[in-house]
Structure formats: structure tokens, C-alpha cells
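# Results of the structural survey
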Amino acid sequence: MNASTNTGAAKPANPKGDAGNKPLTWVLQNVVWIWLVALVVLFGLFNQFFFTVFNMQNIMVQATVLGMLGLAMCLPLLVAEIDLSIPANMGFSSAVGVIAMNSMGLPWWIGAGLGVAIATAIGFFNGLCITRLRMVSLIQTLSMMIILQGALLAMTHGRTLTELGDAYVWIGQAAVWGGWPIMPLVFVATIIGLGVVLARTVFGRCIYAVGGNPVASNSAGIRVEATKIKTYTLAGFLAGVAGFLLASWQMAITSNQGESFLLYAIAAPIIGGVSVFGGRGNVIGVLGGVLLLTVIQVGLAIISVPSFYVGMIGGLMIFIAVAIDALRVRMFG
Amino acid sequence: MSGEPSIAATLPDEVLRIEGVGKRYGNFDALKDVSFGIRRGSIHGLLGENGAGKSTLVGIISGQKTATSGHVRFNGEPIDAKDVRTMEEAGVFLVTQEPMIIDHMSAAENLMLGIWPAKRGFVRWRKLRADSAQMLAGTGIDPTQRAGSLDAVARRKLNILRAMFSGGKVIILDEPTAALTVDDRNQLFDFMRRLKAEGVTFIFISHYNDEILDICDSVSVLRDGALAGGSEDVGAMTSEQLSELVLGRGLKLFQRHQHDLGATPVAITLSNIRSAKVDLDRLDIHKGEILGFTGLPGAGAKELVRCLFGLIPTQGGSIDFHAGDGGEALPTSPGEAFKRGIAFLSDDRRRDGAVTQMAIGRNISLSSLDKVSRWGFVDRAAEAALSARYFAAMGIKAAGPEATVDSLSGGNQQKVCLGRVMATAPRLLILDEPTRGIDVGVKQDVLQIIDDLTAQGVCVIIVSTDTDELVRSADRVCVFGGGRLRRELRGTEINAEALRSIMGEA
């Protein structure tokens, strides 16, 4: 019991330092966005090319796949679990869809739909494992990740699938009004859709309650296991859509498709304020995290940082964002 | 009764003196100019409502917090602004509500946690075992036992012993009796008296007047951060006098008026409920009745209500709401129980009370989401109306329903949980220790809210080991033992002595 609980009512007395400092509060609450703007300005000063329309389009496209993965990843995090298999699921499911499409001569939409269906089924299976079988999500999804990565390699024999067909890759290549890509619209629609689900529906409310306190949620009559299974299934579905988009955009599926996304897909929601302990976070935060990471990646490439240093400097920038966020949590709980 | 002059004067053989101690947070005074002394080898009670400043004061005494003004003298020496380690080296230990015990270590290892006898970095196991066996002699705790398998009272004893073993001379016990049964509590009190005879001084924080009257030699009462009064002779005080000091007004203790069970129809019949620890043949609950369930841990009272709520699987049993359908099987999940009008509030608020990082209003509506939603979408207006209604009805002290639960005191958190279960409009409301760990003022509020609910015909089961609470609120008390219903007490049969003796026999 500290003094703030002592006072009973939520009086302005705040023992965690002087939170009455309005500008500082505002800065810390919006640190991801401020850091994002600061980096955009910084990169722009180094190289005017950063501000060109072409580069903006590039950033939007680059952010789309990571964004879909970030949204998928934030769902298990919100229920205080994790799903490491999401990026591997993305690569595997799209490859299965494409191989089936090519070998059986199916139309593109069946190939894409099959991939998404498989990804959804894998998410559902993960959900079953961690609820009904009480497997620890960290290890269960780690093993699933290894299985799916291995399966992708086995299916492709290390070769890259490039015969995707024009219809299949349309969404990743189409542009309107002089080069504005349409693929990011999928991301925007998903943000809005998931935002509504989380903020307005009973299912969304259950996600936050289960992540905040699963035992209390159970006593409150919420079906905790069902909520987690649904959450994993939805995450799998989003991974499948991301897989289709990535394949369509790259016009290829490599034998290690998706692997490089894992750490960024976890980092984006966390940078955006999604708590790894569950129950906290929203889609706007994820968007901020995704844009921040994408701007760092693209920006470092544009200002011609020697490739040997890109990883290190990028990591340092993420570190700063997370450190500032930790400060915020410390001051405002 | 305000014994301030006598207590402000220096006592003979004082071990601890609080001298004008104040603590300020921003522009809020958590403590204001508090002064009193504590004699060596005494048990000093510290009373006050939640938020009165008890925890802040013991935090300052134990070195976890720094006073803004004033001094704490230990054996006459000022010991201000020291950290916990310095205070522990001096001999002042705080034993918190949550026993700090590492479950997978043995009792002996826990006893010497951090001060394991060692030689060049290697733990000297033989010495550790010998020393701890000596310490634990007469406590009934086996040194080799895994701490996780110890019961609540043994864990608390272990914590107190650890404090003593580390050279504790003044031991502060923050609500040590929470979650203990009467028997365990008496055992703990005997243990404290034994240590007191060896010269250990205790500061004892409790919400319960009878505990203070039972074990304390002297008492200080805090109200709104200031010393409201105290006494060097607790034996001469009554429970009412203590309550008056705590609340600062003539407290009217809740007393339910007589409810004639013979004149009200039976509303619910439980029959043939069987599970691992429950064996109930038949129990009728009358309309608008407050039915008390009591018994020692494992006696079946807590288990039975969890069967009714679908938290414990049963081998059979039925619940009949006398709606003409002859009764139905028990619910198999809490969600189903709520839908059928059975609401339950658990005794473990920390573990499964509220979702503390969510807003108060969202906690209140959490069990009623199906009532305030359409096609899976939450109807925000309906939800806000529901939350506002129960926020007001419970008298929750907070800025508003948008504030998060973790900003509330324990008593107000309990009101939020109570609001949540009541918002489901239950036919049968089951409350497990509804007033545990909340202060005496809020306790009266909660009992009054429950009383008002029964006027609308709702049946209430209160599971409690607080005999005073049962005496004041229950129309009938069922005493459980070995999973079975052993005795039923009604009306004037319900009194503290009878309950205690029957509980022991059952």
C-alpha cells in the first residue's frame, strides 16, 4: 500500500514523482511518435532523397508486411502469451498455397486463400496446445517455428519459388495515381478492423481482461481458454495474409521466407507500448512501432551508412526508444 | 479515551520513540506530526482505517521510506533516513502481509535466506540444519520440509522467526492474521507471547478490534495521517472505544434486523452435491436470507460454494430455484453460473479480484457484457449506464468509473468486485470472506449493501471465519466439517462463543 492507494480516491497526490509536469508527461506518453518525427527530420537532413514521394511510397510498402506481423504478434502479447511461430507461419503457409496452386493449376485466389487457411489452422493449433494441453507458449511456439521453417526448407529443397503468376502478385505490384501502391491499404484496413475488434467488441474486452488477470477473468465468467484460442487463431490468420502480401510483393518465396522478420515483429508492438505482461496496448501503438522500425531501416540505407554498421546503429536506435518507454512506465505506471 | 498526553510522555524503558514524524507526498500529508513511544518487550497495536497512514508509518520505522519531518529513535538514538539494511542490522524488521518465502526451498533454507552460514562461498549445510532445527524446535515445523507445502500460519511463523534469527529486536507485523482461521490465529498469538517473554517487541497492525484487545499491551490509533489517540492499558478499553478512535465518530456497527425464516418461502434447494471434499444431502435457502457458511479450512464450506459456481467439478448434485422445473445440474463454468443467476466473489482479492489495470467501470461490467452488447459489440452507452449505477450504489471512493482499479485502496477494490457480481442481478449471491482485509468503516458499508440486496429477495451466502461478522449479519449459520453440514444455528443461537466451539468440534 502506498500513499496513492492510501488516499482512497484518486487524488492528485502522486508518489511516483511530480507527474504534474504537463509537457514532460505529454512527451513521454507520445515518445514513439516524437522519436519517429525526429528520425524522419534527421534522415531528411542527411539526404534530401528521404523526403521524396518515391521514398514515402517505399516506406509504406516496407511497413505493410512488418505491420501485419506486428498486429498479429500483439494479439498473443495482449493475452500475456507469445507466438514466435508467426513469421515462420507466414513463410510456410504462403509456400504451401503457391505449391498447391502451381501443381494443381488452381486459380490464384484459391492459392492465396489456401495459404491463409493453413496459417489460420496453425494459429488455432497453437492456441489448443497452450490452453488445452497447458504447453508453455514460449517453447511451444518456438518448436512450431522450427518445424515450419524446416518444413519450408524441405518443401522447396532450398530453391526459391518464383512462378507465382501475374494475378497472384497483382496486389503487391499494383499502383494508382502515379505510383502510389495499393498494398498498404490492406494494412490500413487491418488496423481499423483490429482496432474496432479490440476497442468495441466483447471479444476485445475479453482479450484485455484475460491478459490483465486470467484468474480474475475466469471468476468473472469469461471463458479464458476460448479467448486465448480465438486470439491465436486470429494471429494465425493475419500471419497468413502477411504471407500472401510478402510473396506477392517480392514475387518470390525463398526457402527461408519470413525468418528475418521475427525480432522486428516482436519489437514493433513492444516499442508501441504493448506490454509483454499482457492487458496493455493498442493498434495505434503498434502502428507507431512499425513505422519507427521501418523508418530506421530505410533511413539508414538511404543515408548510405556502410552496411557493416546498419545493424548496430539500428539496434541502438531501437534501444533508445525502449529505454525512453521504460522511463515512461516507471514514472506513470 | 484520547490518551494522547500519557502516550506522548516518555515511557520507562522505551525501545522505540516516534517523534513528530510527518510524511508529505506532493501536497498531500500521509502522516502529520505523529508521536508515541513503545516499551521494550511489549506488543503495541497500530490501528486505523485503510489510508490512515499505518503502512507509511511502519515503512518509515523499517527504513523503506524516509520521513519528511520528525525523528524515529531506537534505544534513544535517532535513526532517521536509513535504508532497510541499516534498520535490519539495528534490529528492526518488517514482516509484510505476503510472507516472503521461496516455495521450493526448505523451511531451514528460508529461515536463513541470505544469511546462510558459509565458508569461502560454500554453504555449510550441516550448520544450517543444526541451527535451524534449534530455532524451529517447538513450532511444529520440520526444517527439511519444502516451504511451499507449509500452511499459512507456519509461513507466517517462519517469517517472524527469520526476522528474529537475523537479530530482530523490534518486529513489525503488518496484518499477520489475514487469511488465518481462529485456531491458527490463537496459535500465532501464543507464539508471539512466547517471544515477547524473551524480550522481543512487536508492532502489530490489524483491522480487528478483538485481536488488538486480545494480544496488545498498548495501542496507537491513526486517523487521516494523525495520531487519533492511544492507550498504555489496552485491557481497560472496549471494542466500541477502539472503533470510535479509528473512525472519529460514533460508529454504528451494522446489525441486521431479525428475519423470520419461517415466514418466507424456500427459494433455492441444493441437493445431493458430491465432490472430492463436499458431501451435502440437502439444504434449503429461504427468499431474502443471509446464510452464513463457516468451518475450518478444508471443512467443505469454501469447496461447496465453488461447486455451486462451477469452479470445482462435481460428481453430481442439483440446484433448484423452485421455478417448477424440479432443479437442474450445477453449472460447469463461472460463465454458465452467472447466466443462471449464481454470482460468486472469491476471498482472494489479490489473485482473482479485479483486473487492476482496467478502469473501474469496465471491471463492473465484466461479468455482464452479454447484457450490454449486441452481436458481439459492446453498447458503450448501456455499459456506461450500468457501470455508473453500481459505481454509485457501492459508494466507491474514486475520481470516477474511468479511474483504474489499481489506484484504489483495498476496501474500494472490494467494492468494485462486489459491484461487478451485483451488476449481474443474481438470484443467489455467494460471497467468500467479503470483508476480509477491509477496514471497519467500509465493512459496515459492505454489510449494509448486502442487507439491502436481500430486501429485494436475493439469497445471499456469506462464507466467513469472522465470527463477529456472522453474528451481525447472518439469519442462519451452517457449520461445516469433513465436507458435511454439521450444525445449523439460527437467531439467538448465533453467537461468537458457540461458533468458535462448534467450529473446533466439527
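What counts as what
- Residues numbered from 1 in each chain as written.
- Chains lettered and ligands numbered in written order.
- Predicted model: local features only at pLDDT ≥ 70, side-chain atom pairs only at ≥ 80, totals over all residues.
- Heavy atoms only, no water.
- Helix = DSSP H or I, 4+ residues; strand = E, 2+ residues; numbered from the N terminus.
- Rg over C-alpha atoms; globule rule 2.2 N^0.38 Å.
- Buried < 20%, exposed > 50% of the residue type's maximum accessible area, 1.4 Å probe, protein only.
- Contact = heavy atoms within 4.5 Å.
- Areas by Shrake-Rupley, 256 points an atom, 1.4 Å probe, with all protein chains shown as cover.
- Lys, Arg positive; Asp, Glu negative; His and termini not counted.
- Charge placed at Lys NZ, Arg CZ, Asp CG, Glu CD.
- Pairing = 2+ DSSP bridges.
- Axes fitted to C-alpha atoms, helices over the stretch in contact; angles between N-to-C directions.
- Salt bridge = Lys/Arg side-chain N within 4 Å of Asp/Glu carboxyl O.
- Patch = residues over 30% accessible without salt bridge, like charges linked within 9 Å, V, L, I, M, F, W, Y side chains within 5 Å.
- Parallel < 35°, antiparallel > 145°, perpendicular 65-115°, else oblique.
- Nonpolar A, V, L, I, M, F, W, Y, C, P; charged D, E, K, R; others polar.
- Core = buried A, V, L, I, M, F, W, Y, C linked by side-chain atoms within 4.5 Å.
- Expected span 1.5 Å × (residues − 1).
- Left-handed = near helix turned anticlockwise from the far one by under 90°.
- Domains from an automatic or database assignment.
- Polar contact = N/O pair within 3.5 Å; in protein donor to acceptor, adjacent residues only side chain to side chain.

## Let's talk about the overall build of chain B
Each helix and strand counted, chain B has 18 helices and 24 strands in total. The C-alpha atoms of chain B give 24 Å as radius of gyration, which agrees with the globular expectation for 506 residues (23 Å, within 12%). Counting only C-alpha atoms and orienting by the principal axes, one finds that chain B spans roughly 75 × 55 × 50 Å. Within chain B, buried positions represent 57% of all 506 residues. Of the contacts made within chain B by residues no fewer than 6 positions apart, 68% connect residues no fewer than 24 positions apart. By element, 49% of the accessible surface of chain B is carried by carbon and sulfur atoms, the whole surface being about 20,600 Å². Side-chain charges of chain B comprise 60 positive and 65 negative groups, with the mean position of each set lying 4 Å from the other.

## Topic: the sheet that holds strand β24 (residues 484-490) of chain B
Residues and elements named next belong to chain B. Spatially, the 6 strands line up as an open sheet ordered β18-β21-β22-β15-β23-β24, and their pairing is mixed. The outermost strands of the open sheet, each flanked by one partner alone, are β18 (342-345) and β24. Sheet twist, expressed as the average angle between the axes of neighbouring strands with direction ignored, equals 20 degrees. In the packing of helix α10 (residues 301-308) onto the sheet, contacts are made with β15 (290-294), β18, β21 (428-432), β22 (459-463) and β23 (476-481), and the angle to β22 comes to roughly 140 degrees.

## Considerations on the pattern of salt bridges
This structure, assessed with the given rule, holds 29 salt bridges over all chains. Here K228(A) makes a salt bridge to E81(A), at a shortest N to O gap of 2.8 Å. With K228(A) in helix α12 (residues 224-250) and E81(A) in the loop between α4 (53-78) and α5 (86-104), the pair connects residues that are 147 residues apart, well separated along the chain. We classify K228(A) as buried; its relative accessible area is 13%. Within this structure, R274(B), D279(B), D281(B) and R484(B) form a network of salt bridges that share partners.

## Quick word on a nonpolar patch on the surface
All names here are of chain A. The grouping of V53, M60, V176, W177 and W180 at the surface amounts to a nonpolar patch, some 520 Å² of accessible area in total. Considering the arrangement of structural elements, one finds W180 in strand β2 (residues 180-181). With a relative accessible area of 31%, W180 lands in the partly exposed category.

## What to know about the packing of helix α9 (residues 183-200) of chain A against α12(A)
Residue and element names in this part refer to chain A. Interaxial distance between α9 and α12 falls to 11 Å at its minimum, and their mutual angle equals 170 degrees. Classified by the angle their axes make, α9 and α12 are roughly antiparallel. Contacts from M183, V186, T190 and L194 in α9 reach L234, L238, V241, L245 and W249 in α12. Its residues placed into classes, the contact of α9 with α12 shows 8 nonpolar, 1 polar and no charged.

## Points about the nonpolar core
F293(B), I360(B), L428(B) and I461(B) are the most contacted members of the largest nonpolar core, which has 165 residues in total. Examining the composition of this core, we find that 14 residues originate from one element, α4(A), more than from any other. Once you skip the residues sitting within four places of it in the chain, I360(B) turns out to touch F391(B), I396(B), A398(B), G400(B), P401(B), A403(B), T404(B), V405(B), L408(B) and V416(B). With 44 residues, the next largest nonpolar core counts L161(B), F191(B), F202(B) and V221(B) among its residues.

## What about α5(A)?
With 19 residues, α5(A) extends 27 Å between its outermost C-alpha atoms, agreeing within 8% with the 27 Å of an ideal straight helix rising 1.5 Å per residue. G105(A) sits one or two positions beyond α5(A) and adopts a positive phi of about 65 degrees.

## Some details on the packing of helix α3 (residues 31-46) of chain A against helix α14 (residues 283-302) of chain A
Residues and elements named next belong to chain A. Contact geometry for α3 and α14: axes closest at 9 Å, N-to-C directions at 20 degrees. By the angle between their axes, α3 is roughly parallel relative to α14. Of the two elements, α3 crosses α14, and the hand of that crossing is left-handed. Residues V32, W33, W35, L36, L39, V40 and F43 of α3 lie in contact with α14, whose contacting residues are I284, L287, G288, G289, L291, L292, V295, I296, G299 and L300. Residue classes in the contact of α3 with α14 are distributed as 14 nonpolar, 3 polar and no charged.

## Describing helix α7 (residues 182-197) of chain B
Residue and element names in this part refer to chain B. Counted at 1.5 Å a residue, the expected span for α7 with its 16 residues is 22 Å, and the 23 Å between its end C-alpha atoms agrees. V182, D184, R185, L188, F189, F191, M192 and L195 are the residues of α7 that are buried. Backbone geometry just downstream of α7 places G199 in the positive-phi region, at approximately 100 degrees.

## Remarks on the pairing of strand β12 (residues 226-231) of chain B
All names here are of chain B. Burial runs high along β12: 5 of the 6 residues are buried. Direction of pairing for strand β11 (residues 218-223) relative to β12: antiparallel, over a ladder of 5 bridges. Looking at the pairing, V219 lines up with S231 of β12. Hairpin geometry of β11 and β12 is characterised by an intervening segment of 2 residues between the two adjacent antiparallel strands and by a positive phi of about 50 degrees at D224.

## Here we look at unusual backbone geometry
All names here are of chain B. The phi dihedral of D33 falls on the positive side, at around 45 degrees, and the residue is not glycine. Note on placement: D33 falls in strand β2 (residues 28-39). According to the relative accessible area criterion, D33 is exposed, its value standing at 59%. A positive phi angle, close to 50 degrees, is found at A425, a residue other than glycine.

## Quick word on the domain arrangement of chain B
One frequent convention defines the size of an interface as the accessible area lost when the parts assemble. All names here are of chain B. Domains assigned within chain B are domain 1 (4-101 + 150-247) and domain 2 (252-341 + 464-506). For domain 1 and domain 2, the distance between their C-alpha centroids amounts to 37 Å. Counting residues at the interface gives 7 residues for domain 1 and 5 residues for domain 2. Linking domain 1 to domain 2 there are 0 salt bridges. At the surface where domain 1 touches domain 2, the tally comes to 0 residue pairs in polar contact (both at pLDDT 80 or more).

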